[in-house]
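Summary of structural features
Here's the letter readout for the chains.
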Amino acid sequence: MLRRGLNRLLGVDERRVDNRTIYIGHQSSLVNEDFIPPKFCDNRIVSSKYTVWNFLPKNLFEQFRRIANFYFLIIFLVQVIVDTPTSPVTSGLPLFFVITVTAIKQGYEDWLRHKADREVNKYQVTVLENGQETPKESENIKVGDIVQVKENETFPCDLILLQSTRDDDTCFVTTASLDGESNHKTHYTVPDIERDLKSLNATIECEQPQPDLYKFNGRMHIYKTNQDPAVRSLGPENLLLKGATLKNTQKICGVAVYTGMETKMALNYQGKSQKRSAVEKSINAFLLVYLCILLSKALVCTTLKYVWQSKPGQDEPWYNKKTQKEKDTNLYLKMFTDFLSFMVLFNFIIPVSMYVTVEMQKFLGSFFITWDKDFFDPEIQEGALVNTSDLNEELGQVEYVFTDKTGTLTQNNMEFIECCIDGFQYKHRGASSELDGFCVTDGPVNKLQQKAGREKEELFLRALCLCHTVQVKESTEQDQREDNLDQVDGLRIDENVLQPPQKERGFIASSPDEIALVKGAMRYGFTFLGLESKTMKILNRNKDVEMYDLLHVLNFDPVRRRMSVIVRSGSGEMLLFCKGADSSIFPRVRQEEVERIRLHVERNATEGYRTLCVAYKRLSEEEYAQADAGLREARLALQDREEKLLAVYNQVETGMSLIGATAVEDRLQEEAAETMEALQRAGMKVWVLTGDKMETAKSTCYACGLFQRKTELLELTVRTLEDGERKREERLHELLGEYHKRAVQDAPPVKAGGTRVCFASNQDYGFIIDGASLSMVLNSSSESNMRSYKDLFLQICQNCTAVLCCRMAPLQKAQIVKMVKSSKGSPITLSIGDGANDVSMILEAHVGIGIKGKEGRQAVRNSDYAIPKLKHLKKLLLAHGHLYYHRIAHLVQYFFYKNLCFILPQFLYQFFCGYSQQPLYDAAYLTMYNICFTSMPILAYSLLEQRISIEDLIEDAALYR
């Protein structure tokens, strides 16, 4: 009590700062008298920038940070204070016009943000209070409230799933608005809690809010009378995120753990850093040059005035006698005021209205992109989208294109092609007359049409039916027609032809690969019937239903690059099934089994297929008990849960037996090869940044024409670094030196063509690097080595026709873009991708393009421009980009030219009026010259001019240079 009192006095929170305790339903019976209720933020979302009270000062402050606006404000103040030859209206009115137009535009945009916030915050939700359903506004939800959500509604805050109307205590969720994945994800209720939530007495202890969408650690303490509290682990599978949508589930109940600006969605919302085009940066440089011209003119005229007045009779002519006040004025002060007067007289050399005209040109110009019918895609019934109109001209200056592979160069439409069981190939050839057999070219060990044993076949197919996160859903008529086509296309094993199942089923999963594998197993006679109450059912080739108890799922993650399940068969046998990348599975199985499968995997990868290896392991009772205890303990940990789980996963997934491998095809996008060829002919360098394995990505690059058959490939991967007995660091140093000599030093001299380099060499080089090697290049042990490795790597890449970076993490994609962007010459970069893993490179590049693909809309929302298909990139850059670059260049140069011409006669006139600051033009002309007289013709020109026809620009890509 004394310690608690001291803590209260000193304002110290006894609870650990990295955890929070939540009382479900605000149960008063759990709260003792000494408990200080924690304060959590409310559930309001605020994305607006201004309020009614701070709009004027905040907006004016932001506007006057612009050089031109601040300069004209100073000029206006000088005109008000000092007796200048022109009226303050001449500079005040244009400035007022520019500031007002911009303020109205920004105020309107912020009003739209307020409106969107109001819709979210006033959204009606149902909260359970004392067992009664009470309607509330979303902003009134508090941490600890039990919230009810119905099908197709979005979650109003981050919830822990307590109850679901589904029999198996799961619910399905789509998170397209969060991570870009449009596939259904399965979430699970906290096990073994009361059906009547009114009588639930429980607390949740969980980590403080953090932005990672895929991480959540917590535990629930359930209190029952006369019993010790039960503890349940909580993980990401129990957490429903704000912004996600409930699917295929009638209703769920969950307790609010994070609300408002502490939800993961709000923590991940970052206002995109304002990208500025190269033209806009050059405008500031022009302004400084013209400011120097202005100062020079004012200085010359002030000097000549006093030189001329120094002659007798010139200073005070008989028709213009000085007043006593003028005679008493300090000479230096008078010289300074004269200098300011000349500044005011010549200040129209700097065009204040140019910013408004440029913004109007960009804003109106963006409509021509959205209106372009060639960008309309009939499949999704959408066209191009412009999120940032400030970068239209950047599209015409791109030098480097960074593209994702899956979903960008390829369709992300997975189709099961073939599998390999125990070294024997089972290939679907699309014709029932052909036998399933082994390919002769794979080696003399096996004979054509030879097959694995029936036991191995069935074990492999059971692995495909059990090792996944696929769920079965009721099909629509269209789904049924598609499934019928798949099922009629059956494949034969041991002369058994698969008949279509009596009940049509559709599948939903977090990855399209998994659905392709389950459908592949179905073609070979094993059908997954679904998961009910932790029991997985499969229909085997004998039309018998097999039941397996799902004991544990060892989730897939990008570090392990594999996933596993532990199941108990009907006979009580414990089995672990594992599937994953070959580099992840091969070290964990017996090596004599690897050679039988390796040939297939490498050949399939060379043909451009996505490959996965499948392994299994029989667990004894002791092994399972040890694994079960380790997993339960790790899942209850609040600190370092991922590391502890990884240690248990690695311990369990050893000593496995390799059964076989699968090949799934992801076909090329429509006109992908033609688009890549056009970009290269336009002088752009194309880099492919992908998380896929090297062989598959390399095959895609050949198919797209980025690598030709004559291209010499320079490979810097873990495989090449491990050749020889030397350390990796030494081998890296040697290879970088060797490749630099071949691609840079020994290359014939090149000639510059504009800003790009045209290769005179007949030898094309392609460079391949993987994520592990890139980490060594960018994070070398010594700083001097790191700098030299980075420089060598960059020079090699810049001298290659195409670069392939495989096994890339999202952060590494952004590092590559940043490295090229900040290299010598500051080349303009463009990134294009379709998924959440491409967002980092899209935000990093000068121009980010999102593709409206199958991975949700995360990339689209974070991009500057969005297009339905990769093929639309060709016209966007070669036609729209080229034209807008020339139009804006003419617009800016014309503005400065016309103002120079406008003020030069005013300067020359001073030589004939005794440097008396006499204006040559009427005040109305000074005021209206930029705003009205000369702005509309150039604006029309900068929107409609086509120096070369769009057809010619697309046909001859070389015109882009």
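Note: the structure precedes this text.
Structural notes, computed from the coordinates. (Residues numbered from 1 in each chain as written. Predicted model: local features only at pLDDT ≥ 70, side-chain atom pairs only at ≥ 80, totals over all residues. Heavy atoms only, no water.)

Thoughts on the overall build of the protein
The line we're drawing: Working definition: helices are DSSP H or I runs of at least four residues, strands are E runs of at least two. Numbering for both runs from the N terminus. Residue exposure (1.4 Å probe, protein chains only): buried if accessible area is under 20% of the type maximum, exposed if over 50%, otherwise partly exposed. Note on contacts: a residue pair qualifies if any of its non-hydrogen atoms lie within 4.5 Å across the two residues. A 1.4 Å probe and the Shrake-Rupley method give the accessible areas. Residues count as covered only by the protein chains that appear here.
When you go through the protein residue by residue, the secondary structure sums to 30 helices and 37 strands. Considering the protein as a whole, with its 961 residues, one finds that 51% of them fall into the buried category. Excluding contacts between residues fewer than 6 apart, the proportion of contacts in the protein whose partners are at least 24 apart in sequence is 73%. Total accessible area on the protein is roughly 45100 Å²; 54% of this is exposed by carbon and sulfur atoms.

Here's the deal with the nonpolar core
One broad rule of soluble globular proteins: the nonpolar side chains tend to lie buried together. Let me state the cut-off plainly: By convention a nonpolar core is built from buried Ala, Val, Leu, Ile, Met, Phe, Trp, Tyr and Cys residues, the set being connected through side-chain atoms within 4.5 Å.
One finds Leu-287, Leu-294, Phe-342, Phe-346, Ile-350, Met-354 and Val-892 to be the most contacted residues of the largest nonpolar core, which totals 43 residues. Where this core is concerned, the elements lending two or more residues are helix H3 (67-81), helix H4 (89-121), helix H7 (278-309), helix H9 (331-346), helix H10 (354-371), helix H27 (872-909) and helix H28 (923-933). Of the residues forming this core, the biggest block, eight residues, is contributed by H27. Not counting residues up to four positions away in its chain, the partners in contact with Ile-350 are Tyr-71, Phe-72, Leu-287, Tyr-290, Leu-291, Leu-294 and Asn-899.

Re the sheet that holds strand E5 (residues 158-164)
Basically, it comes down to this: Any two strands with at least two DSSP-identified bridges between them are counted as paired.
Here six strands make up an open sheet; going across it, the order is E3-E2-E4-E13-E5-E11 and the pairing antiparallel. In this open sheet, the two strands that pair with only one neighbour each are strand E3 (132-137) and strand E11 (239-240). Here E5 runs beside strand E13 (residues 251-258); their pairing, made up of six bridges, is antiparallel. When the bridges of E13 are listed, Ser-164 appears paired with Ile-252.

Some words on a negative patch on the surface
The following threshold applies: Each patch is built from residues lacking any salt bridge and having more than 30% relative accessible area; the joining distance is 9 Å for like charges and 5 Å for nonpolar side chains (Val, Leu, Ile, Met, Phe, Trp, Tyr). By definition here, a salt bridge exists when the distance from a side-chain nitrogen of Lys or Arg to a carboxyl oxygen of Asp or Glu is within 4 Å. When charges are counted, neither His nor the chain ends are considered; positive counts come from Lys and Arg and negative counts from Asp and Glu. The atom standing in for a charge is NZ when the residue is Lys, CZ when it is Arg, CG when it is Asp and CD when it is Glu.
Together, Glu-951, Asp-952, Glu-955 and Asp-956 line one region of the surface with negative charge. Among the secondary structure elements, Glu-951 is positioned in helix H30 (residues 950-955).

A look at the side chain of Ser-341
Position of Ser-341 relative to the elements: it lies in helix H9. On the accessibility criterion, Ser-341 (2% relative accessible area) is buried. Residues in contact with Ser-341, not counting those within four places in the same chain, are Val-82, Asp-83, Thr-84, Pro-85 and Gln-917.

A word on the packing of H7 against H9
Note the cut-off: Every angle, taken between N-to-C directions, lies between 0 and 180 degrees, and every axis is a line fitted to C-alpha atoms, over only the stretch in contact when it is a helix. Convention used here: angles under 35 degrees read as roughly parallel, angles over 145 as roughly antiparallel, angles from 65 to 115 as roughly perpendicular, and any remaining angle as oblique. We call a crossing left-handed when the near helix sits turned anticlockwise from the far one by less than a right angle, and right-handed when that turn is clockwise. Note on residue categories: nonpolar means Ala, Val, Leu, Ile, Met, Phe, Trp, Tyr, Cys or Pro, charged means Asp, Glu, Lys or Arg, and polar means any other residue, Gly included.
The contact between H7 and H9 brings their axes to 9 Å, and the two run at 135 degrees. For the element pair H7 / H9, the angle class is oblique. For the pair H7 and H9, the crossing hand works out as right-handed. Residues Leu-294, Leu-295, Lys-297, Ala-298, Leu-299, Cys-301, Thr-302, Lys-305 and Tyr-306 of H7 form the contact with H9, whose own contacting residues are Leu-331, Lys-334, Met-335, Asp-338, Phe-339, Phe-342, Met-343 and Phe-346. Here the contact of H7 with H9 is built from residues that sort into 12 nonpolar, one polar and four charged.

What to know about the side chain of His-221
Within the fold, His-221 resides in strand E9 (residues 218-222). Taking relative accessible area as the criterion, His-221 reaches 18% and is therefore assigned buried. Those residues within four positions of His-221 in sequence are excluded, and the remaining contacts are Asn-201, Ala-202, Thr-203, Glu-205, Ala-230 and Val-231.

Quick look at the packing of aromatic side chains
Defined as follows: When two rings of Phe, Tyr or Trp (its six-membered ring) have centres within 6.5 Å they constitute a pair, described as stacked for plane angles under 30 degrees, edge-to-face for angles over 60, and tilted for the intermediate range. Both a distance and an angle decide whether a charge sits over a ring: NZ of Lys or CZ of Arg must be within 6 Å of the ring centre and within 35 degrees of the ring normal.
Counted under the stated rule, the structure contains 23 aromatic pairs. Ring centres of Tyr-426 and Tyr-524 lie 6.4 Å apart, and the angle between their planes is 85 degrees; this geometry places the pair in the edge-to-face category. One end of the pair, Tyr-426, is in strand E17 (residues 424-427); the other, Tyr-524, is in the loop between helix H13 (512-523) and strand E22 (527-532), and 98 residues separate them in sequence. In terms of burial, Tyr-426 and Tyr-524 fall into one category: buried. Grouping aromatic residues by their ring pairs yields a cluster made of Phe-342, Phe-346, Phe-907, Phe-911 and Tyr-915. Above the plane of the ring of Tyr-884 lies Arg-887, whose end atom (NZ or CZ) is 5.0 Å from the centre.

Focus on the environment of Ser-942
You can see Ser-942 is positioned in helix H29 (residues 935-944). For Ser-942, a relative accessible area of 0% translates into the label buried. Ser-942 sits 581 residues away from Gln-361 along the chain, and the two C-alpha atoms are 6.8 Å apart. Ser-942 has contacts with Gln-361, Arg-887 and Leu-891, leaving out every residue within four places of it along the chain.

A word on the sheet that holds strand E10 (residues 230-234)
Reading across from one edge, E1-E8-E9-E10 is the order of the four strands in this open sheet, with antiparallel pairing throughout. Strands with a single pairing partner mark the edges of an open sheet, and in this sheet they are strand E1 (19-23) and E10. Direction aside, neighbouring strands of the sheet carry axes that sit 20 degrees apart on average. Inspection of the sheet shows strand E8 (residues 202-207) paired to E9 by five bridges, in the antiparallel sense. Counted as the bridge partner of Thr-203 is His-221 from E9. Most of the contacts of helix H16 (residues 621-636) go to E10, to which it runs at about 80 degrees, and overall it touches E9 and E10.

Topic: the pairing of strand E2 (residues 124-129)
Pairing of E2 with E3, which is carried by six bridges, proceeds in the antiparallel orientation. Across the sheet, Gln-124 pairs through a bridge with Glu-137, a residue of E3. Two successive antiparallel strands, E2 and E3, enclose a turn made up of two residues, where Asn-130 displays a positive phi of approximately 55 degrees. Two strands pair when backbone bridges link them, and E2 and strand E4 (residues 146-150) are joined in this way by three bridges, in the antiparallel orientation. Paired with Thr-126 across the bridge in E4 is Gln-148.

Quick word on helix H18 (residues 672-681)
Definition in use: To obtain the arc, one takes the directions from the helix axis to the C-beta atoms.
Those residues of H18 not exposed but buried are Ala-672, Thr-675, Met-676, Ala-678 and Leu-679. Angularly, the buried residues of H18 cover 160 degrees about the axis, an arc narrow enough to put them on a single face. Lining the buried residues of H18 we find strand E15 (400-403), strand E29 (685-689), helix H19 (694-704) and H27. Of the residues one or two after H18, Gly-683 is the one with positive phi, at around 95 degrees.

Examining the pairing of strand E23 (residues 535-539)
Across the five residues of E23, four count as buried, placing the element largely inside the fold. Bridge count for E22 against E23 is five bridges, and the pairing is antiparallel. Paired with Leu-531 across the two strands is Met-536, which belongs to E23. If you look at the hairpin formed by E22 and E23, you'll find two residues sitting between the two strands, and Ser-533 has a positive phi there, around 50 degrees. Bridge analysis of E23 against strand E24 (residues 545-554) gives five bridges, and the strand direction is antiparallel. Bridged to Ile-538 within E24 is Glu-546. Hairpin connection between E23 and E24: a loop of five residues separates the two successive antiparallel strands, and Lys-543 in this loop has a positive phi of roughly 65 degrees.

Remarks on unusual backbone geometry
For Lys-543, which is not a glycine, the phi torsion comes out positive at approximately 65 degrees. Considering the arrangement of structural elements, one finds Lys-543 in the loop between E23 and E24. For Lys-543, a relative accessible area of 46% corresponds to the partly exposed category. For Gln-917, which is not a glycine, the phi torsion comes out positive at approximately 60 degrees. Position of Gln-917 relative to the elements: it lies in the loop between H27 and H28.

Just geometry here; none of it tells us what the structure is for.
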